[in-house]
Amino acid sequence: MTETNKRKLHSELEGLIVHGETPVGWDENTPPNETLDQYGNLSASNRGVVPVADPRSPSRRVYDDPGVEALREHLRQHNGIRGLEICEPTEIKRAARIFHRDGFVVVADLLNAEQLARWREGCARALRDILSISGQGNRKYIGETGRLPHRYGYGTSSASRQMLHDLAWASMVDLPTTTPILIEIFGSSDYRLWGSGGDLCLPGAIEYQHLHSDGKDAQHLSESRIKRAEALGVELKTDSEGNLDVPTLKLIMEMAAPSVTINFVMSDLTWENGPIRQLPGTHTVQQPPPTSADEPEWMRLSTLVGAPAGAGVFRDVRTWHGATPNLSREVRALPNVEYAAPSRSSEGFKKTMPHEIWETLTPHAQKVCEFVKAEPGVWPPGAGVMHPLASKRAEASKASDRVL
Ligand SMILES: [Fe+2]
């Protein structure tokens, strides 16, 4: 990159925001579908070599490229779930009913003005850290290992794998608007925090991310899962041999979600700025979702257009979902908080929340965070280091117990 371009990039990052117009993004020197391995080696995957590639993406990452214009026009006309229901935070039972039916629900006004401003600032700050690392050759930015260009995860870019060392994220674990809905969804207040991160795309993320689930449900039939389903209104019916019958088993699996993630909306989701797509009713589908090459157009258009800034989408993480093209001039950030069901043991949880942060939380949040809280005086390895490359994150988390 030339000195002039470096200076330009520096000034772009100085004023970086995650809502409203920004000069960031649209790097025409980053080819479509290019991905990086853990060390930053590039692979052009637009011939379908890498499974995450979108074979239908425009051929150039340029705002007014004819292929981009054609896709923009198509999205302007067709993007978004028709009749998307958006609940108010006071509609607790309605929100839970839609969540259990569809595998997700959008709720407006989860964040007040101060909380929204705090998280926007945090999202811009963490993104600035990521983008300030030079890209290869003449590219403006370095991509994230295994992700399509101009797409990053806050959690996956953090060397601790979570953002719980940052108050902008940690302070959102227990909100007066979200906690009653979580309790209604889980059928109990004994859920636990798993992590906090979320994803974002820069303007010019022209490819669709492949449809996927965030976690596989082993569908174990534990005593606690049956109890939780019962608390949610599932009637336990048995077959002629006294075992729970198949419709009951299916209902238990549908209603008792293993994990719930809330993604919060930093800027209104529009047809143009990369609204997340969610496929209703796929939370207990056993088949894998279609590949990018096979995905039908109606699935690509099944997006949450109309979700306003300050809203959030409660997601059963099993539900098929994916990111969509951001053809606007605005960053689309969806920071999140991730919760595990009450029946989970502490196994697999990582202690990524510093004790000093935990001390600032509400009593309920302190209980919810007990499995992720580090001991006093122990800084979570890697916390505070943001890097898109997996190898650099591994180095940072190994480097020392205290990195700040
Ligand atoms: Fe995902």
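Below is a summary of the structure that appears in this document. (Residues numbered from 1 in each chain as written. Predicted model: local features only at pLDDT ≥ 70, side-chain atom pairs only at ≥ 80, totals over all residues. Heavy atoms only, no water.)

1. Some thoughts on the overall build of the protein
The secondary structure content of the protein amounts to 13 helices and twelve strands. Its C-alpha atoms give the protein a radius of gyration of 21 Å, near enough to 22 Å, the size a compact globule of 404 residues would have. Its C-alpha atoms give the protein principal-axis dimensions of roughly 75 × 50 × 40 Å. Burial statistics for the protein: of 404 residues in total, 56% are counted as buried. Carbon and sulfur atoms provide 52% of the accessible area of the protein, an area that totals close to 17,000 Å². (Helix = DSSP H or I, 4+ residues; strand = E, 2+ residues; numbered from the N terminus. Rg over C-alpha atoms; globule rule 2.2 N^0.38 Å. Buried < 20%, exposed > 50% of the residue type's maximum accessible area, 1.4 Å probe, protein only. Areas by Shrake-Rupley, 256 points an atom, 1.4 Å probe, with all protein chains shown as cover.)

2. A closer look at the layout of surface pockets
What the second largest pocket holds in volume is close to 390 Å³. Around the second largest pocket, the lining comprises 19 residues; the ones closest to its centre are Lys8, Trp26, Asp27, Glu28 and Lys140. Class assignment for the residues of the lining of the second largest pocket results in six nonpolar, five polar and eight charged. (1 Å grid on protein atoms, 1.4 Å probe; cavity = no way out; pocket = protein on both sides within 12 Å on 5 of 7 lines; lining within 4 Å. Points joined across faces, edges and corners; volume = space filled by probe spheres on them. Nonpolar A, V, L, I, M, F, W, Y, C, P; charged D, E, K, R; others polar.)

3. Some words on helix H9 (residues 246-255)
Here H9 has its buried residues at Thr248, Ile252, Met253 and Met255. Structurally, H9 contributes buried residues whose contacts are with helix H3 (92-102), helix H7 (179-186) and helix H8 (223-231). (Contact = heavy atoms within 4.5 Å.)

4. Topic: the side chain of Arg318
Here Arg318 lies in the loop between strand S10 (312-316) and strand S11 (321-322). The exposure class assigned to Arg318 is buried, which follows from its relative accessible area of 4%. A distance of 3.4 Å separates a polar atom in the side chain of Arg318 from the backbone oxygen of Glu254. In contact with Arg318, other than residues within four places in its own chain, are Ser213, Gly215, Asp217, Arg225, Met253, Glu254, Ala257, Pro258, Thr282, His283 and Thr284. (Polar contact = N/O pair within 3.5 Å; in protein donor to acceptor, adjacent residues only side chain to side chain.)

5. Remarks on the packing of aromatic side chains
Think of a pair of aromatic rings as described by two things: how far the centres are apart, and how the planes are tilted against each other in angle. According to the stated counting rule, one finds eight aromatic pairs in the structure shown. Aromatic side chains Trp119 and Trp169 sit 6.1 Å apart centroid to centroid with 90° between the ring planes, which places their arrangement in the edge-to-face category. Of this pair, Trp119 sits in helix H4 (residues 113-131) while Trp169 is found in helix H6 (residues 167-170), placing the two residues 50 residues apart along the sequence. Each member of the pair Trp119 and Trp169 is classed as buried. Ring geometry for Tyr191 against Tyr339: centres 5.4 Å apart, planes inclined by 90°, an arrangement best described as edge-to-face. On the criterion of sequence distance, the pair formed by Tyr191 in the loop between H7 and strand S6 (192-195) and Tyr339 in strand S12 (residues 332-340) is long-range, its members being 148 residues apart. (Phe/Tyr/Trp six-rings, centres within 6.5 Å; stacked < 30°, edge-to-face > 60°.)

Scope: geometric values only; no functional claims are made or implied.
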